[in-house]
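What follows is the residue order along each chain.
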Amino acid sequence: MLRVLYEAVEGNRLLDITGAQLRRDLHVPEQDLAAACTYLAGEGLITVDWEPGNTPAMVTLTHEGILHLESEEEEHG
């Protein structure tokens, strides 16, 4: 999920993506997206603006999330 978000915002943490767009890109049920967002937000890798009903409205990669992805890319070549 982080990779899709990173590619969607092209590594710019000032950009964000709607939850609906992210769900379409990932092809996952809404509850799976909400669970993933909750986990990643808890890890400090993303921030989420929630709509009523536990639906991610906007998802933004944090600086930590970008660093995490960039360090993974270096490790895996």
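Nothing here was measured: the structure is a model prediction, and the numbers come from that model.

Strand S3 (residues 55-61) sits mainly inside the fold: six of its seven residues count as buried. Pairing between strand S1 (residues 16-18) and S3: three bridges, direction antiparallel. Note on S3: the bridge partner recorded for Ile17 is Val59. Counting the residues between successive antiparallel strands, the hairpin from strand S2 (residues 46-51) to S3 contains three residues, one of them, Gly53, with a positive phi of roughly 90°.

Its location among the elements puts Glu74 in helix H4 (residues 63-76). Its relative accessible area of 69% is what places Glu74 among the exposed residues. The sequence separation of Glu74 and Val4 amounts to 70 residues, and the corresponding C-alpha distance is 17 Å.

Now for unusual backbone geometry. Backbone geometry places His27, a non-glycine residue, at a positive phi of 60°. Residue placement: His27 occurs in the loop between helix H2 (19-26) and helix H3 (30-42). Despite not being glycine, Asn54 has its phi angle at roughly 60°, a positive value. The exposure class assigned to Asn54 is partly exposed, which follows from its relative accessible area of 49%.

This next bit is on the pattern of salt bridges. Where charged atoms of side chains with opposite charge meet at close range, the side chains can pair. Evaluated as defined, the whole model comprises one salt bridge. Of the charged contacts in the structure, one is a salt bridge between Arg23 and Glu30, with a shortest N-O distance of 2.9 Å. Residue classification places Arg23 among the partly exposed residues on the basis of a relative accessible area of 27%.

Thresholds, definitions, all that
Residues numbered from 1 in each chain as written. Predicted model: local features only at pLDDT ≥ 70, side-chain atom pairs only at ≥ 80, totals over all residues. Heavy atoms only, no water. Buried < 20%, exposed > 50% of the residue type's maximum accessible area, 1.4 Å probe, protein only. Helix = DSSP H or I, 4+ residues; strand = E, 2+ residues; numbered from the N terminus. Pairing = 2+ DSSP bridges. Salt bridge = Lys/Arg side-chain N within 4 Å of Asp/Glu carboxyl O.

So, to be careful, I would describe these as geometric facts and stop short of saying anything about function.
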